[in-house]
Amino acid sequence: MNRTDTPRRVLWHGKKNWRDREASSYQSWLFERFHQPLVTTPPLPQCQVCVIVPVRNEAENLESTLLALYDQLDLTGKLLDRNRYEIVLLANNCSDESAAIARNFATTHPDLVLHVVEKTFPAAEAYIGRVRQVLMDEAYRRLSSIGGERRVIASTDGDSRVTPTWIAAILDEIASGADAVGGRIITDREGRTALDPYTRACHLREVGYRFLIAELETYLEPDPIDILPRHFQHYGASLAVTVEMYAQAGGMQPVRTPEDVAFYQALLRVNARFRHSTRVRVFTSARTTGRTDVGLANQLSKWVEMGRSQQQFLVESAAEVEARFEWRHQLRVLWWSYLCDYQPTHNAIALLANALGVNWLWLMSELAQPQTFGLLWEKVEQRQQTEGFWRQRWQLVPIQEAISALRIRLEKLRHQRRKVKVESQKSKVKKVSFSTDTAFSYYHKIS
């Protein structure tokens, strides 16, 4: 059973009573938290995508960010109709010329629908989670006001440059069935080159490690929406979601950081079809001084300190990663059994609970609850942290060791997949040959 064998809708009123919340009820509670609209000019009727850009002291990078959004192409290489998307840029708590640069860009590029808003948040709200929430809520309000389905809220950052087909690739992934899309975020070469050798090595190894884990996941828990090639990122510098799914997930919550990861978890709770697309890409700054306490810049600065103190970069082992995927799959099977009114034995639940490192009575109680698998798995991970048994079983290992083990395991899985593919092709050839020979013989018999 793969992930999309499970119902996408959220179970609200009992095992057999599946239904979606009414769109109007979503809108009512989302609109309740709205402040005054950031932009009073209504969106164009043909607008399909609202791109939000939070900006704080990005005078150095902002013009290239906007120019990349201006020079958007469709998937055939032709200029993308600029009336199909709009940009809402919020310059918050800036002490530089970011807002002026954005306004000047809007003046010199009048064919781009760019709304520039300047706002000073109180100290308690002057953090990226709150700013991105305000922007995404505004995008939701604007796109909802013109109706239609599958319109898209897209997020990037003021220090990032989207690739020429960024918007077109997002729309194509949504048209192919995704509810939300995480884009590949690549550090610019100049910034990587400026990093010290240890920090650069840590960054490149971490990217490789995450890519290998993402590939392993596709073998152990295949998802027809999130197929290879895929990546591992779902961050605010390149994140898109349909208006409908934004509401169903409860919108973006104003957590301090990482707000994008929290929103990704909210999407998983409602069984959103999430695509980690390698066609949707942005280039971002590799600076080591960031605007938040969590994020790429913060991680880079930690690696700098680790290099100075000669600390090893430790990560989860390949065995631990694989065990998590395997036991998550078994949990999904049991969860599905409950939905189909099949009661697994206490022994089966106890064995799985022991493997996951959680109390079996607690797990049995949770399996009986009306909830999505995404929410159930989130609770299991929280319980693992609380009880601590899972962590006690596994030791962190140097990242080089983990990468080596993952490569060995993946090579075996790739070989198995190639073998199955070849055998399948041979089977098809035999069927075709048999059909051709039979038809040829039959022709001569009746001639």
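Residues numbered from 1 in each chain as written. Predicted model: local features only at pLDDT ≥ 70, side-chain atom pairs only at ≥ 80, totals over all residues. Heavy atoms only, no water.

Trainee: An account of the pattern of salt bridges is requested, with residue identities and associated values reported.
Mentor: The tally for this structure, following the rule as stated, stands at 30 salt bridges. Measuring nitrogen to oxygen at the nearest pair gives 3.6 Å for the salt bridge that ties Arg230 to Asp226. Like Arg230, the residue Asp226 is buried in the burial classification. Measuring nitrogen to oxygen at the nearest pair gives 2.4 Å for the salt bridge that ties Glu378 to Arg269. Of the two residues, Glu378 sits in helix H14 (residues 373–387) while Arg269 sits in helix H9 (residues 259–269), which places them 109 residues apart along the sequence. When its relative accessible area of 30% is taken as the criterion, Arg269 is described as partly exposed. Beyond isolated ion pairs, a larger network of salt bridges with shared partners links Asp172, Glu173, Glu217, Glu221, Asp226, Arg230, Arg275, Arg279, Arg328 and Arg332. (Salt bridge = Lys/Arg side-chain N within 4 Å of Asp/Glu carboxyl O. Buried < 20%, exposed > 50% of the residue type's maximum accessible area, 1.4 Å probe, protein only. Helix = DSSP H or I, 4+ residues; strand = E, 2+ residues; numbered from the N terminus.)

Trainee: Tell me what's going on with the pairing of strand S7 (residues 239–242), and back it up with residues and numbers.
Mentor: Where burial is concerned, the two faces of S7 agree: the one with Leu239 and Val241 and the one with Ala240 and Thr242 are both buried. Here strand S4 (residues 152–155) runs beside S7; their pairing, made up of four bridges, is antiparallel. Bridge pairing in S7 places Ala154 opposite Ala240. Relative to S7, strand S6 (residues 180–187) runs antiparallel, the two being bridged by three bridges. Opposite Val181, over in S7, you have Ala240 as the bridge partner. (Pairing = 2+ DSSP bridges.)

Trainee: If you had to explain the sheet that holds strand S2 (residues 85–92) to someone new, which residues and values would you point to?
Mentor: Judged by pairing direction, the sheet is mixed, and its eight strands sit side by side in the order S3-S2-S1-S4-S7-S6-S8-S5 without closing on themselves. A single partner strand is all that each edge strand has here, and the edge strands are strand S3 (114–119) and strand S5 (160–162). Taking each pair of neighbouring strands and ignoring which way they run, the sheet shows an average axis angle of 25°. On top of the sheet, helix H5 (residues 166–175) reaches strand S1 (49–55), S2, S4, S5, S6, S7 and strand S8 (274–284); it is set at about 175° to S8, its chief contact. (Axes fitted to C-alpha atoms, helices over the stretch in contact; angles between N-to-C directions. Contact = heavy atoms within 4.5 Å.)

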